[in-house]
Amino acid sequence: MAKSDYSDFLNVGIELARVAGGIIREAFYSGSLPTIESKDDRDVDLVTATDKYVEALLREKFKAEFPSYKFIGEESSASSEGSSLTQEPTIIVDPIDGTTNFIHRFPFVCVSIGLVVDKIPVVGVIFNPILDELYTAHINRGAYMNGSRLPLFRKNEPLPSLSHCLISTEAGNDRTSTGFDPKSRTLSKLMTDINARGLRCAGAGAIDCCLLARGSTDVYYEIGVRAWDISAGVCIIRESGGMCFGEEVFSQRRSGENTVSFDEPFDLMGRKIVAIRFAPKENQELIRRQLADIIEDIIVPRD
Ligand code: LIP
C-alpha cells in the first residue's frame, strides 16, 4: 500500500537537485561550446554531454539511497529499464529540461525530479540554477518556491474566460506537417478568435508547469510532451491548486460528452497536458471546456 510520507525522498531530491544545478550552472557560464548530439534526423531534439553526465550521476545517487525504486531518465529511457511506468515507486528525471535553452544560454533551464507511486506524482522538485529558483511539492502538503507557498501571485484573481488568459505552450520536436500544422492552427485560433492575452514558450515543459503554479501564467498545454518533462511539474501544479488534464479532455470531446472528473488520475505516459492555474473551480471548469473546443488534437503514440 502506498505510504503518505515521502519527506525522505523530498529531502534527498532537493539535495541532489542542488548538486545537479551546480554542474548545470557551471557548464552554462563556461565559455566552452557544449558537446551536442542529435536524437533525431532533423537536429531538433538535442542532448549534450552535461545532460548525460547529470543523469548518470542522479541515477547512481538515487539508486544508492532508494535501491528498490525504479528509475526513468530522459537520456537513458531507451536503456534496459525502458520507460514503462508501473505501480512501483518510480523516480522520473529530466537532467536538463530546456536543453536547447541551455545550448543557447537562454536562462530557462532546470533539473526536474519526480517521484511517482501507484502512477500518482507524489513529490516534485524542479531547480533552475540560473535564476536560482527551487520549486518543491509533496502530495497533500502544498507547493513552494524557495520556501514561499504557491501560488505566489494572483491568488484572488478569478479567470472569467480564456480571453483573459496568458497561455504557455511549446513548439515541440515534431516538425512534420501532420505534427506541427494542427499546433499552428490552434495558436492562430487562440490569438485571433479568442483574443487571448498572450502567448509564451518557456522552452521547457517543467518550467511551464512552475510558471503556472506560481501564478505567472494561466494555462499551459502541450501535445507530445514526455513524462520526464512534467512528472515533477504535475505534482507542483496540483499542490498549488491548479488542475491538470490529459487525453480525457480530447476523448470526451470526441464522444460528445463534456464532463471530465476533476479527480481523474493524470496519465503521465499519455503525452498530453492541459493545465489551468489556481482559480475558483467553476472558472477552471469553464476554461477547460473552452480549451477542449479550441485545441486541435494530434494522435501521438503513448510512452
Ligand atoms: C523539451 C520539453 C518541451 C518540449 C521540447 C523539449 P528537453 O525538453 O521540455 O516541453 O516542447 O520539445 O522536448 O529536450 O529540453 O529536455
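Look a little higher up for the structure.
To keep things clear, this report deals only with the structure shown in the data block. It should be emphasised that the depicted structure is a prediction, and the values quoted were computed from it without experimental measurement. By convention here, each chain's residues receive numbers from 1 onward along its written sequence. The predicted origin of the model limits local features to residues at a pLDDT of at least 70 and limits the giving and counting of side-chain atom pairs to 80 or more, whereas totals for whole chains, interfaces and linings rest on all residues. With hydrogens and water excluded, all non-hydrogen atoms of the structure serve as input to the side-chain values.

Considerations on the site of the ligand
- Working definition: residue near molecule or strand if any one of its non-hydrogen atoms lies within 4 Å of it. In the vicinity of the ligand, 14 residues are found, and the nearest of them are D97, G98, T99, G205 and E222.
- As used in this structure description, the phrase polar contact means that two N or O atoms lie within 3.5 Å; if the pair is within protein, one of them must be able to donate a hydrogen and the other to accept it, and residues adjacent in sequence are counted only when both atoms belong to side chains. In the model, an oxygen atom of the ligand is placed 2.6 Å from a nitrogen or oxygen of the D97 side chain.
- Here an oxygen atom of the ligand sits 2.5 Å away from a polar atom, N or O, in the side chain of E222.
- Here, Shrake-Rupley sampling with a 1.4 Å probe gives the accessible areas, and only protein chains in the shown set may cover a residue. Burial of the ligand by the protein chains amounts to 90% of its free accessible area of 370 Å².
- Here a cavity denotes a set of grid points, spaced 1 Å apart and computed over the protein atoms alone, in which a 1.4 Å probe fits but from which it cannot get out, and a pocket denotes an open set meeting protein on both sides within 12 Å along at least five of seven lines; residues with an atom within 4 Å of a point are reported as lining. Placement in a cavity or pocket follows one criterion, namely that more than half of the molecule's atoms lie within 2 Å of its grid points. Cavity membership is defined here by more than half of the atoms lying within 2 Å of grid points; on that basis the ligand lies in the largest pocket.
- Think of it as three bins: nonpolar holds Ala, Val, Leu, Ile, Met, Phe, Trp, Tyr, Cys and Pro, charged holds Asp, Glu, Lys and Arg, and polar takes everything else, Gly as well. Of the residues that constitute the shell around the ligand, the class distribution is two nonpolar, five polar and seven charged.

Some remarks on the sheet that holds strand β9 (residues 148-149)
- Strand order in the open sheet made by the seven strands is β3-β4-β5-β6-β7-β8-β9, with mixed pairing throughout. Two strands in the sheet have a free side with no partner beyond their single neighbour: β3 (70-73) and β9.
- Whether two residues are in contact is decided by their heavy atoms, any of which lying within 4.5 Å being enough. A fitted line through C-alpha atoms serves as each axis, taken over the contacting stretch for helices, and the angle formed by two N-to-C directions is quoted from 0 to 180°. Only DSSP runs of H or I covering at least 4 residues are called helices, and only runs of E covering at least 2 are called strands; the numbering of each starts at the N terminus. Against the sheet, helix α1 (residues 7-29) engages β4 (90-97), β5 (110-117), β6 (120-128) and β7 (133-138), with an angle of about 30 degrees to β6. What makes two strands pair is DSSP finding at least two bridges between them.

Digging into the sheet that holds strand β10 (residues 166-168)
- One open sheet holds the five strands; their spatial order is β11-β10-β12-β14-β13, and the pairing between them is mixed. Looking at strand neighbours, the two that pair on one side only are β11 (198-200) and β13 (243-245), the edges of this open sheet. On average, adjacent strands in this sheet sit at an angle of 20 degrees to one another, irrespective of strand direction.
- Sheet contacts for helix α4 (residues 177-191): β10, β11 and β12 (219-223); angle to β12, the most-contacted strand, approximately 160 degrees.
- Seen against the sheet, helix α6 (residues 227-239) touches β12, β13 and β14 (272-276) and runs at an angle of roughly 140 degrees to β13.

By themselves these figures say nothing about function.
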